[in-house]
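Structural overview for review
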Amino acid sequence: MGKADGFLTYGRELPAARDPKERINDSNEIYTSFPEEKTKIQAARCMDCGVPFCHSGCPLGNMIPDFNDAVYDGEWERAAQILYSTNNFPEFTGRICPAPCESSCVLSINKPAVAIEHIEKAIAEKSFELGLVKPQPPTHRTGKRVAIVGSGPAGLAAAAQLNQAGHEVHIYEKDDKAGGLLRYGIPDFKLEKWTIDRRLAILEEEGIHFHLNKEIGKDTTLKKLHRKYDAVLLTIGSAKPRPLTIPGNHLKGIHFAMDYLTLHNRRVAGEIIPAEQDIHAKEKHVLVIGGGDTGSDCVGTANRQFAMSITQLQYRNMPSTARTPDNPWPETPMTFTASSSHEEGCERSWGWLTKEFVADENGFVKGLKVVELEWKNSREYTEKPGSERVLPCDLAFIAIGYERPMYDAFQANFDFETDQRGNFKLQDWQTNVPGIFAAGDAYRGQSLVVWAISDGREAARAIDVHLMGKSKLPAKEVSMLLLANEKQV
Ligand SMILES: Cc1cc2nc3c(=O)[nH]c(=O)nc-3n(C[C@H](O)[C@H](O)[C@H](O)COP(=O)(O)OP(=O)(O)OC[C@H]3O[C@@H](n4cnc5c(N)ncnc54)[C@H](O)[C@@H]3O)c2cc1C
Ligand code: SF4
């Protein structure tokens, strides 16, 4: 523990965000730089708890008090070793993780949590700056070959682990660039794409093979991969959008959120979007239907395209601003939050049910009929009499979630078992088809980057055991045990 009374002496401080009025003119990340000395002070706030609840809050089991201690001491190499031992890509999670570790931080019981996510990003960037993150090809090869379908964070994390174990790893990706939702879902103002390219260059130098523009089920079959490789891992995400089944949902100007976000990410990457394919919010009344990261990212994107107005509709009532008795620490707080995109300008309307889209004479959407809800409890509601109204709408983005992975093209050859929600059903990360594994959103449903990395690591270990009968790749529980042993020594 760096400074025994650090949590009493210092308050929580984070890098400042750029002025919303300024930052909507570009697509760069919104946070300014933060002096190293200040990051050390933030690390000093960690109490090195006997039972560090932050560990159980983090899906990766990151050894948070240990890296906080190293940062306070200015020992960046030690901090990096600790962080990379559980997390392949802290440069991503340090930027976009909602930080469940902070919600479960013991300090957050009565004070603002330790700035864990910021410290993670600082370690990640410092380790690149100091040249500590170098390609580390494996010292031996096993002769086994693994195909990974999908290059999102789950696929990349699994690839990194399997390659370290000595297997020959081939990633098949249907898009023209690797990264999955990191690249074509999450906007640049949250995650600039050079961070992905920097990581991909290292993975390639370590010997991982990337096959881009290769859609499995279209350009080649899963059956062929299954025959050709010793194991196959499906990390294809959960991309089937949930439709809004109300009258008028076919009108022009109504789009799934991901279609909009992907186009804008491509535009920011320098691509020319043909006019007939483009979806642009300039001078339009925009309605975003649904909360969550996807909805919030549509708000931030529409602000950068100078929409006339942006309204985000949510079906539920506005959550309370503080924890309620049925949602105590260390659970994830189900409280009101405003993202950086909301701060840039957006009307948030809570407790509205969408009824019907209204068309103009050319078949374009011109309005959305909504009615206010009165919630009796968390499940039951009634419509408030006389509250029906039509909101102006030139462009609507549907962001009400995702149904399941897009595996339809595989099902003719493999009758994959799925769970109640339509995600792959797994036993030790293996599907019902021997030799075919799955991980990430394809198994969990649309979730978080940190869970995708965790699943990728766990699935890699299961594949290694499947191929070799044993594995030296770290298991989450083992990392925690190692930590406990280290502390005893
Ligand atoms: C708009 C948006 C914003 C988000 N913001 C955040 C955030 O701020 N923080 C956070 O933690 N999480 C966020 N998430 C969630 C997070 O991005 C996902 O949980 C995570 O990316 C899942 O990783 P994955 O590797 O399982 O799948 P994905 O990232 O979805 O990657 C799947 C990959 O598989 C490829 N693929 C699919 N089918 C095939 C096929 N047949 N052949 C070849 N390739 C195929 C796809 O093209 C894709 O590249 C966000 C999600 C969205 C949609
Ligand atoms: S719970 Fe918070 S204060 Fe305790 S060890 Fe973890 S980061 Fe430090």
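Up top you'll find the structure we're talking about.
Not measured: the values here are computed from a predicted model.

Regarding the overall build of the protein chain
The helix and strand inventory of the protein chain stands at 20 helices and 16 strands. Computed over C-alpha atoms, the radius of gyration of the protein chain comes to 23 Å, within 12% of the 23 Å expected from 2.2 N^0.38 for 489 residues, which places it in the range of a compact globule. Dimensions of the protein chain along its principal axes, counting C-alpha atoms only, are 70 × 60 × 45 Å. Of all 489 residues assigned to the protein chain, the portion counted as buried reaches 51%. Once local pairs closer than 6 in sequence are excluded, the contacts in the protein chain between residues at least 24 apart make up 68%. When the accessible area of the protein chain is evaluated, it comes to approximately 22,700 Å², of which 51% is carbon and sulfur surface.

Section: the sheet that holds strand 9 (residues 347-350)
Taken in spatial order, the five strands make up an open sheet running 6-14-7-8-9, and their pairing is parallel. Single-partner strands in this sheet number two, and they are strand 6 (254-256) and strand 9. For this sheet, the mean inter-axis angle between neighbouring strands, taken without regard to orientation, is 20 degrees. Pairing between strand 7 (residues 285-289) and strand 8 (residues 309-314): five bridges, direction parallel. For Val288, the partnering residue across the bridge sits in strand 8 and is Gln312. Running over the sheet, helix 14 (residues 257-268) touches strand 6 and strand 14 (395-398) and is turned about 80 degrees from strand 6.

With respect to helix 12 (residues 194-205)
Given 3.6 residues per turn, any residue in an α-helix points the same way as the ones three and four places further on. Relative to the 16 Å expected for 12 residues at 1.5 Å per residue, helix 12 spans 17 Å between its end C-alpha atoms, a close match to the ideal helical length. Contact partners of the buried residues in helix 12: helix 6 (76-84), helix 7 (90-96), helix 9 (116-129), helix 10 (153-164), helix 11 (181-184) and strand 3 (209-211). Two residues or fewer past helix 12, Gly207 is found with a positive phi of approximately 110 degrees.

Structural notes on the site of ligand 1
Around ligand 1 there are 37 residues in total, and Ile96, Glu173, Lys190, Ile216 and Asp441 lie nearest to it. One of the backbone nitrogen or oxygen atoms of Lys174 is found 3.1 Å away from a nitrogen atom of ligand 1. Contacts to ligand 1 include Lys190, whose side-chain N or O atom sits 2.8 Å from an oxygen atom. When residues of the shell around ligand 1 are assigned to their parent elements, the largest contribution, three residues, is made by helix 15 (residues 292-304).

About the cut-offs
- Residues numbered from 1 in each chain as written.
- Chains lettered and ligands numbered in written order.
- Predicted model: local features only at pLDDT ≥ 70, side-chain atom pairs only at ≥ 80, totals over all residues.
- Heavy atoms only, no water.
- Helix = DSSP H or I, 4+ residues; strand = E, 2+ residues; numbered from the N terminus.
- Rg over C-alpha atoms; globule rule 2.2 N^0.38 Å.
- Buried < 20%, exposed > 50% of the residue type's maximum accessible area, 1.4 Å probe, protein only.
- Contact = heavy atoms within 4.5 Å.
- Areas by Shrake-Rupley, 256 points an atom, 1.4 Å probe, with all protein chains shown as cover.
- Pairing = 2+ DSSP bridges.
- Axes fitted to C-alpha atoms, helices over the stretch in contact; angles between N-to-C directions.
- Expected span 1.5 Å × (residues − 1).
- Near = heavy atom within 4 Å.
- Polar contact = N/O pair within 3.5 Å; in protein donor to acceptor, adjacent residues only side chain to side chain.

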